[in-house]
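# Remarks on the overall topology
Single-letter residue listing:
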Amino acid sequence: MDKALDDLHTPVAAPGTGHVRKGQPLTRIDGPAKVRGQARYAAEFPAPDLAYGVVVNTAVAKGRITAIHLDAALAVEGVLDVLTHERRPSMRSARMFHKDMVAPGGKPFRPLYDDRVLYSGQPVALVVATTFEAARRAAMLVRVDVETEPHETSLRAHLDKGHAPKGLKFGFKPPPKEKGDASAAWHNAPFHIQATAYAEAQHHNPMELFATTVVRDAKGRMVAHDKTQGSQNCRWYASHALGIPKSRLTVRNAFVGGAFGSGLRPNYALLLAVMASEHLDRSVRVVLSRQQMFTFGHRPETWQQIRLSADGQGRLQSIEHDALTETSRVEDYSEVVVNWSGQLYACDNIRLSHKLVDLDRFTPMDMRAPGAAHGVHALEVAIDAMAYEVGMDPLDFRLVNYADVHPTEDKPFSSKALRECFALGAERFGWTDRPLEPRSRKIGTEYVGWGMATGTWDALQMFARAKAVLDRKGRLVVSSAATDIGTGTYTVMAQIAADAMGLPLEQVTFRLGDSTLPVAPVEGGSAHVATVGSAIEGVCDKLRAELLKLAKRDRGGLFRGCKGEDVECAEGMLRRKDGGAAMPIVELMALNKHDTIEASHLLLPNQREQSKYARATHSAVFCEVRVDEALGTVRVTRVVSAIAAGRIINPMAARSQILGGVVWGISHALHEASHDDPRLGRFMNHDFAEYHVTVNADVHDIEVLFAEEDDRVVSRLGAKGVGEIGLVGVSAAIANAIYHAVGVRIYDTPITPDKVMPTSVPSTTTPMFIIEKIQQRGHPLVHVRSLHWRHCEPVLSPLGVEPKGLKRS
């Protein structure tokens with residue numbers, strides 16, 4: 001069983017890679033395994049006698065199940081059984097057993113627990129068959145009767161029902177107390193603005209579908225290969241919910257095809273797959289469809305109001321930021337939306353508030369840069385508007401209000417190279433050539449606009465343990481239950497270990513993605529390098545200390561009087577830092593009585609020291625757009641993103657993270673929205689045909705710059721995180737560039753063509769007008785692929801795809 005279950009391809013650098021250092025750009029060591037098909041994802045693990053499960057979801061938003069008709073489904077050849085709340089293995093009833101490690105406050109959803117329907121898309125049955133085709137066919141035959149009840153799924157229709165968050169959520173900090181008197185300052189200031197910003201819900205839509213393959217042996221031991229950002233969190237959840245001893249259940253996630261927060265909490269597919277395996281005593285695979293990827297968590301629908309005021313010199317006099325976001329009826333999901341407005345700019349009067357509105361939806365969940373994606377967007381668009389109100393350049397306005405200490409906490413920053421980001425980005429972008437007035441430049445039928453915005457994200461560190469084993473041949477294996485969701489974790493952790501031990505990269509293996517490995521946090525919040533990477537460097541310190549003991553015992557004269565800080569490992573040697581003695585590591589290992597030396601290290605954040613500082617990453621985003629005012633189309637033609645994220649361990653991987661964040665920022669600004677029909681209580685555009693994301697034709701020049709920064713408060717490596725910060729501020733920079741192009745100030749996202757087109761020309765909102773204009777333009781880059789009648793939203797596709805008419809949604 002153990003050998004069969006250990007069918008994992010752990011990436012190792014190619015022979016000849018040689019010695020590497022932190023800060024050196026490296027290609028992904030897991031890249032070859034992925035492009036050759038050797039990297040197995042959750043739905044790709046084979047198992048003897050494997051059964052297939054297909055989930056049945058209800059379309060009703062709220063109600064009670066009165067009957068489930070299964071005869072037709074059970075009659076399909078190959079169907080083994082259909083699990084429902086009435087026919088399933090035992091499940092613990094207490095809600096506490098269904099809480100995962102990062103669950104928000106409240107009572108978590110329990111799949112197939114009872115007859116209650118809490119949201120549209122809720123799983124109500126699992127059909128299990130000997131083939132996927134049989135399970136899918138039978139699932140289509142399941143009929144569920146639901147006695148419906150009135151539902152509420154519109155945030156804007158219930159803004160008066162906001163309440164303060166009732167429970168705690170990992171990573172959430174409530175807004176600070178008011179500083180000064182923001183309302184009085186706003187009324188007394190010579191310049192002020194007030195605006196609202198609305199953002200529809202968004203869904204993660206990673207490339208890999210959620211899937212679980214439970215491989216079961218004859219003794220009932222299970223290994224669940226799961227798409228998750230935390231194997232230990234999933235093992236904790238499934239074993240507690242179903243009452244399974246942890247010795248019988250292991251969760252593995254060696255490779256994850258993107259997650260972006262959707263895998264922080266266990267997906268219902270995991271619990272249903274383990275439940276079916278227990279029920280049938282055989283291996284089971286459950287894979288969600290793309291449409292079912294819209295049946296659980298999402299970025300919450302958000303409504304914000306922001307008020308700013310300034311004096312004649314452009315100094316901010318007040319900041320007021322209020323937000324209402326959705327949560328479910330059963331849990332209080334909260335994310336930090338408004339706090340960013342209390343830390344980015346110096347101001348004596350700051351008031352922030354955040355409330356939740358309970359809706360009949362699944363509990364929202366973290367999605368890349370949770371809270372900041374919407375909160376910083378609203379703030380940065382308002383800051384741009386305030387700069388114009390005062391008559392200042394938007395960059396100059398930000399520099400006038402630069403915060404050298406945290407405005408609401410009155411703490412120094414552990415490091416803050418945001419000024420350098422402004423300077424680097426502005427110089428590379430050519431910001432000084434920008435005219436202040438909107439509508440100043442036009443090329444052909446398109447107005448050209450330049451905009452910029454600031455970004456920020458928390459610099460987090462959690463706790464983790466790493467184990468290291470060094471053998472006689474100088475081969476090092478380091479392990480921790482970390483996760484690589486495509487961000488380069490395999491590479492950067494091996495790079496840290498190789499540098500710490502002075503070994504060629506091809507002699508270092510980093511093992512992750514297994515719940516039995518040493519403890520590691522879920523992969524989220526841009527904290528993995530600062531956390532797991534620091535644990536790895538710590539365990540390598542212990543290995544080096546063991547090597548020094550061997551050297552002193554058998555070669556005492558060479559290292560007499562040396563302490564741990566007096567030696568280093570480099571180029572395969574243990575050597576004195578003063579340039580004295582050196583000895584090959586393999587020779588030292590030959591002196592050891594055992595074949596290996598092992599060490600373990602638990603990294604705990606130095607909270608006493610860290611609490612003295614505000615810790616954050618920062619960015620300055622500069623953007624160029626081209627806007628066809630008649631069509632309302634926006635093209636983002638150039639982006640420069642300057643990042644301050646501590647010491648960059650692998651510039652190549654870090655750049656890739658920022659590039660991905662910028663691409664997502666374009667998508668966030670112009671495309672992504674999950675449209676809810678409040679009559680049905682359902683997200684209607686639940687597929688890639690209707691849920692629009694940025695594609696290749698939407699992406700042009702992107703340049704990434706890193707400011708010099710080294711933060712030993714956040715982590716012993718000097719590193720922060722580069723996952724979230726690449727997204728934050730991009731959508732605001734685009735909105736500000738659109739204003740500069742055509743003079744239309746837009747706070748809402750996504751910025752669809754109907755919002756861009758002049759309101760004084762209503763005829764331009766008709767679909768046929770847009771078709772005629774595109775045909776007249778003979779646009780060189782894009783054609784219309786589809787058009788949403790309701791929003792008049794042309795979706796751009798690569799050259800050569802001709803319009804094929806309209807479709808109504």
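Now for a quick tour of the structure. (Residues numbered from 1 in each chain as written. Predicted model: local features only at pLDDT ≥ 70, side-chain atom pairs only at ≥ 80, totals over all residues. Heavy atoms only, no water.)

### Side note on the pairing of strand S20 (residues 476-479)
The condition is simple: Two strands are said to pair when DSSP picks up at least two bridges between them. Labels follow the DSSP assignment, with helices taken as runs of H or I lasting at least four residues and strands as runs of E lasting at least two, numbered in each case from the N terminus. By definition, the crossover connecting two strands over a helix is right-handed if that path, from the first strand to the second, turns clockwise as seen with the strands pointing away from the viewer.
In this sheet, S20 lies alongside strand S19 (residues 464-471) in antiparallel orientation, the contact comprising 4 bridges. Looking at the pairing, Lys467 lines up with Ser479 of S20. In sequence, S19 turns back onto S20 through a hairpin of 4 residues, with Gly474 there showing a positive phi of about 80°. In the sheet, S20 pairs with strand S21 (residues 508-511) via 4 bridges, with the strands oriented parallel. Counterpart to Val477 in the pairing with S21 is Thr509. As a crossover connection, the stretch from S20 through helix H11 (residues 489-501) into S21 is right-handed.

### Some details on the packing of helix H6 (residues 231-242) against helix H7 (residues 268-280)
As a reminder of what qualifies: Only the contacting stretch of a helix is used when fitting its axis, a line to C-alpha atoms as for every element, and angles between N-to-C directions run 0 to 180 degrees. Note on angle classes: values under 35 degrees are labelled roughly parallel, values over 145 roughly antiparallel, values of 65 to 115 roughly perpendicular, and the remainder oblique. What makes a crossing left-handed is the near helix being turned counterclockwise from the far one by less than a right angle; a clockwise turn instead makes it right-handed. When checking whether two residues touch, look at their non-hydrogen atoms; a contact exists if any pair is within 4.5 Å. Asp, Glu, Lys and Arg are counted as charged, while Ala, Val, Leu, Ile, Met, Phe, Trp, Tyr, Cys and Pro are counted as nonpolar; the rest, among them Gly, fall into the polar class.
Running from N to C, H6 and H7 cross one another at 50°; their axes reach a closest spacing of 10 Å. Judged on the interaxial angle alone, H7 and H6 are oblique. Of the two possible hands of crossing, H6 and H7 adopt the one that is right-handed. Contacts between H6 and H7 involve Cys234, Tyr237, Ala238, Ala241 and Leu242 from the former and Leu270, Leu271, Val274 and Met275 from the latter. Residue composition of the contact of H6 with H7, by class: 9 nonpolar, no polar and no charged.

### Points about the state of the cysteines
Selection rule: A pair of sulfur atoms, both from cysteines and within 2.5 Å, is called a disulfide here. Think of it in three bands: with a 1.4 Å probe and only protein chains considered, a residue is buried below 20% of the maximum accessible area for its type, exposed above 50%, and partly exposed in between.
In this structure the tally under the stated criterion is 0 disulfides. Free of any disulfide, Cys569 has its nearest neighbouring cysteine sulfur in Cys540, separated by 8.5 Å. On the accessibility criterion, Cys569 (6% relative accessible area) is buried.

### Here's the deal with the layout of surface pockets
Threshold: Points on a 1 Å grid, built from protein atoms alone, make a cavity when a 1.4 Å probe fits but cannot get out and make a pocket when they are open with protein on both sides within 12 Å along at least 5 of 7 lines; residues with an atom within 4 Å of a point are the lining residues. Grid points are joined across faces, edges and corners, and a volume is the space filled by probe spheres set on the points.
Each pocket or cavity is described by its volume, and for the second largest pocket that value is around 910 Å³. Lining the second largest pocket are 34 residues, and of these Phe170, Gly171, Leu460, Gln461 and Met462 lie nearest its centre. Of the residues forming the lining of the second largest pocket, the biggest block, 3 residues, is contributed by H6. The residue makeup of the lining of the second largest pocket, split by class, is 18 nonpolar, 11 polar and 5 charged.

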